[in-house]
Amino acid sequence: MKYIIFHVEGGAGKNIMATAVVKAIKKQHPDREIIVVASHLPIFINNPHVYRVYPLGQTPYFYEDFIRGKDTLIFKTDPYLHEPFINKKTHCIESWCAQNDIEYNGEKPEIALTEQEENEMSTMLSKWNKPIFLIQTHGGGDHQDFSQSWIRDMPNNLITPIIEAFQSEYKIIHLRYENQPAIPNVDFVASPKIRDLCAIVKLSHNRVFMDSFAQHASMVFEKKSTVIWPVDKVSQLGYQFHHNIISEYTPNKTHLIDYYLSEDDIVGQPHMCPFPRGEKIFDENEVIESIKSTDESSNFVPFTPPKGNKPIISESCPSCPPEKDEKDEDPYMDTMTMSDRTQVFVDGIKEGAVNPYEKQTGPV
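Here the structure is a predicted model, which means the values were calculated and not measured.

1. Here we look at a nonpolar patch on the surface
Working step 1: Taken together, the side chains of Leu81, Tyr260 and Leu261 make up a nonpolar region of the molecular surface, amounting to roughly 400 Å² of accessible area.
Working step 2: Counting through the fold element by element, Leu81 comes out in the loop between strand E4 (71–75) and helix H3 (83–86).

Here you go:
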């Protein structure tokens, strides 16, 4: 058996882009089995082009099994260090292919979700019985040096107008880590399961994102979204499929002392921020109109719980418990019968410090 080892480092968004590279690799090398070693393994699960997937740092006997004495090609490159990418000539996916002598023909990312994965998230989202609006304001991992990256995160003065414009029509859900800045009175998803988050993206009815995993996941499922770019990197990391809105401002002079080969310091060193103090770098009306144009709420089907279900055994059966009157039923009891997996996910959805599934208010 012949193999290709494809090594992928970086964040979830970069791993999603890597799935497009996998597709291109398989087209050029259909006779080889692709083994992915990745920092976000779940993104590659069930990928039809992948033979095996391993998490970084957990590869016992890997050399003996797949390299020593084997016909194996090794693709371990970083597209962020590719000259055409650095100079904004090519997209990350195209650079990644070029580094490994793979022909690029516009392949797009893909994530293979199962029907059951989607059903689990559909059940969870049906609790609100409204179209779902997703917003991602901050990217990166859960251990950033700074609370906000001016390079890619959504400016605070843009968030409130967006929420006010759409909160009556949709159930707004904020995609973020627990330690990232919150939006007052907006529920957030803090699930560690990236596949669950991708399923929510697929099931959503409108979206506004910055450059992070969610805009890549939206491309996977062809969910046109509004994407905010404080610094223009659309040609390198974005997709023309989306509505990309780039900031407009007259930059302040700052010393770019910490940049080396490129301006890819996505954490955003505060002392290099060029934005004019107190000024808006986005036209909020343009953003709101863009979001309106991607509305999919017409596809929303309200959830109607079944009523008046009766046992199939005769009502005269003495062992049958009396049927409860609907007005006496506890509307919160249905959450107690959800699968453990969904319950764990629901526990990660919070309204500020309040659990929306508790009848009383208080800390989670």
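2. What to know about helix H5 (residues 115–125)
For an α-helix the count is 3.6 residues per turn, leaving residues at separations of three or four pointing the same way.
Working step 1: For H5, the complete set of buried residues consists of Glu117, Glu118, Glu120, Met121, Met124 and Leu125. Summarising the axial view, the buried residues of H5 lie within an arc of 155°, below the 170-degree limit, and thus occupy one face.

3. Here we look at helix H6 (residues 156–166)
Working step 1: Three or more residues of H6 are buried, namely Leu158, Ile159, Pro161, Ile162, Ile163 and Phe166.
Working step 2: Against strand E5 (132–135), strand E6 (171–175), strand E8 (206–210), strand E9 (226–229) and helix H10 (284–293) lie the buried residues of H6.

4. Thoughts on the packing of helix H1 (residues 12–28) against helix H8 (residues 213–220)
Working step 1: It is the contact of H1 with H8, at a shortest axis distance of 8 Å, that shows an interaxial angle of 25°. By the angle between their directions, the pair H1 and H8 is classed as roughly parallel. Crossing geometry of H1 relative to H8 is assigned as left-handed. Mapping the contact onto sequence places Ala12, Gly13, Ile16 and Met17 in H1 and Phe213, His216, Ala217 and Val220 in H8.

5. Digging into the sheet that holds strand E2 (residues 33–38)
Working step 1: Spatially, four strands are ordered E3-E2-E1-E4 in an open sheet, and the strand pairing comes out parallel. Each end of this open sheet is capped by a strand with a single partner; those strands are strand E3 (50–55) and E4. Taking each pair of neighbouring strands and ignoring which way they run, the sheet shows an average axis angle of 20°.
Working step 2: When strand E1 (residues 2–8) meets E4, the two strands line up parallel, connected through five bridges. Residue pairing in the sheet places Lys2 in a bridge with Asp71 of E4.

6. Some details on the side chain of Asn206
Working step 1: Within the fold, Asn206 resides in strand E8.
Working step 2: Leaving out residues up to four positions away in the same chain, Asn206 has contacts with Ile132, Phe133, Leu134, Tyr170, Ile291, Thr294 and Asp295.

7. So, the nonpolar core
Working step 1: In terms of nonpolar packing, the biggest core is built from 54 residues, with Phe6, Val36 and Phe213 touching the most fellow members.
Working step 2: Top element by residues in this core is H1. It accounts for nine residues.
Working step 3: When neighbours within four sequence positions are excluded, Phe6 is seen to be in contact with Ala18, Val21, Val22, Ile25, Ile34, Ile35, Val36, Val37, Phe75 and Trp96.
Working step 4: The next biggest cluster of nonpolar side chains, apart from the first, holds 26 residues, and it includes Ile163, Tyr259, Met272 and Ile288.

What counts and what doesn't
- Residues numbered from 1 in each chain as written.
- Predicted model: local features only at pLDDT ≥ 70, side-chain atom pairs only at ≥ 80, totals over all residues.
- Heavy atoms only, no water.
- Patch = residues over 30% accessible without salt bridge, like charges linked within 9 Å, V, L, I, M, F, W, Y side chains within 5 Å.
- Areas by Shrake-Rupley, 256 points an atom, 1.4 Å probe, with all protein chains shown as cover.
- Salt bridge = Lys/Arg side-chain N within 4 Å of Asp/Glu carboxyl O.
- Helix = DSSP H or I, 4+ residues; strand = E, 2+ residues; numbered from the N terminus.
- Buried < 20%, exposed > 50% of the residue type's maximum accessible area, 1.4 Å probe, protein only.
- Arc of directions from axis to C-beta.
- Contact = heavy atoms within 4.5 Å.
- Axes fitted to C-alpha atoms, helices over the stretch in contact; angles between N-to-C directions.
- Parallel < 35°, antiparallel > 145°, perpendicular 65-115°, else oblique.
- Left-handed = near helix turned anticlockwise from the far one by under 90°.
- Pairing = 2+ DSSP bridges.
- Core = buried A, V, L, I, M, F, W, Y, C linked by side-chain atoms within 4.5 Å.

These figures capture arrangement, not role.
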